[in-house]
Amino acid sequence: MLAIRLKRIGRKHRPYYRLVVSDSRNRPGGKNVDEVGHYDPLPDPSELKVDLQRVDYWLARGARPSAQVARLIAITRKSAQV
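Let me sum up the structure you'll find in this document. (Residues numbered from 1 in each chain as written. Predicted model: local features only at pLDDT ≥ 70, side-chain atom pairs only at ≥ 80, totals over all residues. Heavy atoms only, no water.)

At a minimum axis distance of 11 Å, the contact between helix 1 (residues 52–60) and helix 2 (residues 67–81) shows a crossing angle of 130 degrees. The angle between helix 1 and helix 2 places the two elements in the oblique class. Remark: the crossing between helix 1 and helix 2 carries left-handed chirality. Two secondary-structure elements touch here, helix 1 through Leu-52, Val-55, Asp-56 and Leu-59 and helix 2 through Ile-73, Thr-76, Arg-77 and Ala-80. (Axes fitted to C-alpha atoms, helices over the stretch in contact; angles between N-to-C directions. Helix = DSSP H or I, 4+ residues; strand = E, 2+ residues; numbered from the N terminus. Parallel < 35°, antiparallel > 145°, perpendicular 65-115°, else oblique. Left-handed = near helix turned anticlockwise from the far one by under 90°. Contact = heavy atoms within 4.5 Å.)

Quick reminder: α-helices carry 3.6 residues per turn. Residues three or four places apart thus point the same way. Listing the buried residues of helix 1 in full gives Leu-52, Val-55 and Trp-58. When helix 1 is viewed along its axis, its buried side chains cluster within an angular range of 125 degrees and face the same direction. Across from the buried face of helix 1, at angles greater than 90 degrees, the exposed residues are Gln-53 and Ala-60. Residues of helix 1 that are buried sit in contact with strand 1 (2–8), strand 2 (17–23), strand 3 (34–40), strand 4 (47–50) and helix 2. Looking at the residues trailing helix 1, positive phi occurs at Gly-62, about 100 degrees. (Buried < 20%, exposed > 50% of the residue type's maximum accessible area, 1.4 Å probe, protein only. Arc of directions from axis to C-beta.)

What follows deals with the nonpolar core. By size, the foremost hydrophobic cluster in this structure holds 14 residues, and its most contacted members are Ile-4, Leu-19, Val-36, Trp-58 and Val-69. Every element with two or more residues in this core is listed here: strand 1, strand 2, strand 3, helix 1 and helix 2. Apart from the residues lying within four places of it in its own chain, the contact partners of Ile-4 are Val-20, Val-21, Val-36, Trp-58, Leu-59, Ala-63, Arg-64, Pro-65, Ser-66 and Val-69. (Core = buried A, V, L, I, M, F, W, Y, C linked by side-chain atoms within 4.5 Å.)

The following block contains the structure:
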(Lines give C-alpha, C1' and ligand atoms only; values in the text may rest on other atoms or scores of the structure.)
Protein backbone atom coordinates (compact mmCIF):
# COMPACT_ATOMS: atom_id res chain seq x y z
CA MET A 1 0.00 0.00 0.00
CA LEU A 2 1.19 3.50 -0.81
CA ALA A 3 1.36 6.29 1.76
CA ILE A 4 1.78 10.04 1.36
CA ARG A 5 3.85 11.20 4.30
CA LEU A 6 6.52 13.60 5.50
CA LYS A 7 10.20 12.83 5.06
CA ARG A 8 12.46 14.89 7.32
CA ILE A 9 15.59 16.16 5.62
CA GLY A 10 16.57 19.04 7.89
CA ARG A 11 19.49 19.13 10.27
CA LYS A 12 19.30 19.18 14.07
CA HIS A 13 16.94 21.88 15.41
CA ARG A 14 16.18 22.95 11.84
CA PRO A 15 13.39 20.71 10.50
CA TYR A 16 12.55 20.70 6.80
CA TYR A 17 10.21 18.16 5.26
CA ARG A 18 9.38 16.73 1.84
CA LEU A 19 5.95 15.33 1.08
CA VAL A 20 6.65 11.97 -0.52
CA VAL A 21 4.73 8.98 -1.82
CA SER A 22 6.28 5.73 -0.62
CA ASP A 23 5.43 2.15 0.18
CA SER A 24 3.95 2.08 3.70
CA ARG A 25 6.28 -0.80 4.63
CA ASN A 26 9.38 1.36 4.06
CA ARG A 27 10.69 3.56 6.83
CA PRO A 28 9.78 7.28 6.51
CA GLY A 29 13.34 8.29 5.60
CA GLY A 30 13.76 5.49 3.08
CA LYS A 31 13.17 5.10 -0.63
CA ASN A 32 10.22 7.01 -2.10
CA VAL A 33 8.17 6.66 -5.28
CA ASP A 34 7.45 10.35 -5.92
CA GLU A 35 7.96 13.75 -4.30
CA VAL A 36 4.82 15.90 -4.29
CA GLY A 37 5.85 18.93 -2.24
CA HIS A 38 7.84 20.43 0.61
CA TYR A 39 7.14 22.01 3.99
CA ASP A 40 9.32 24.34 6.06
CA PRO A 41 7.67 24.97 9.47
CA LEU A 42 10.16 27.47 10.90
CA PRO A 43 9.64 30.73 8.97
CA ASP A 44 6.67 32.89 9.92
CA PRO A 45 4.42 32.16 8.04
CA SER A 46 5.58 28.63 7.32
CA GLU A 47 6.49 27.73 3.74
CA LEU A 48 4.33 25.08 2.11
CA LYS A 49 4.24 23.95 -1.52
CA VAL A 50 2.15 20.99 -2.63
CA ASP A 51 1.60 19.81 -6.21
CA LEU A 52 -2.15 19.13 -5.96
CA GLN A 53 -2.31 17.46 -9.38
CA ARG A 54 0.24 14.83 -8.31
CA VAL A 55 -1.51 14.40 -4.94
CA ASP A 56 -4.84 13.80 -6.70
CA TYR A 57 -3.12 11.35 -9.07
CA TRP A 58 -1.76 9.28 -6.18
CA LEU A 59 -4.98 9.49 -4.15
CA ALA A 60 -6.87 8.11 -7.16
CA ARG A 61 -4.47 5.17 -7.17
CA GLY A 62 -5.09 4.29 -3.53
CA ALA A 63 -2.40 6.21 -1.65
CA ARG A 64 -3.38 7.20 1.87
CA PRO A 65 -2.10 10.44 3.39
CA SER A 66 -0.87 10.55 6.98
CA ALA A 67 -2.83 12.75 9.40
CA GLN A 68 -0.36 15.65 9.18
CA VAL A 69 -0.13 15.44 5.38
CA ALA A 70 -3.94 15.44 5.13
CA ARG A 71 -3.99 18.71 7.12
CA LEU A 72 -1.31 20.25 4.89
CA ILE A 73 -3.22 19.23 1.74
CA ALA A 74 -6.41 20.76 3.16
CA ILE A 75 -4.57 24.04 3.90
CA THR A 76 -3.19 24.11 0.35
CA ARG A 77 -6.60 23.43 -1.20
CA LYS A 78 -8.19 26.15 0.95
CA SER A 79 -5.58 28.74 -0.05
CA ALA A 80 -5.85 27.75 -3.73
CA GLN A 81 -9.61 28.41 -3.73
CA VAL A 82 -9.29 31.94 -2.33
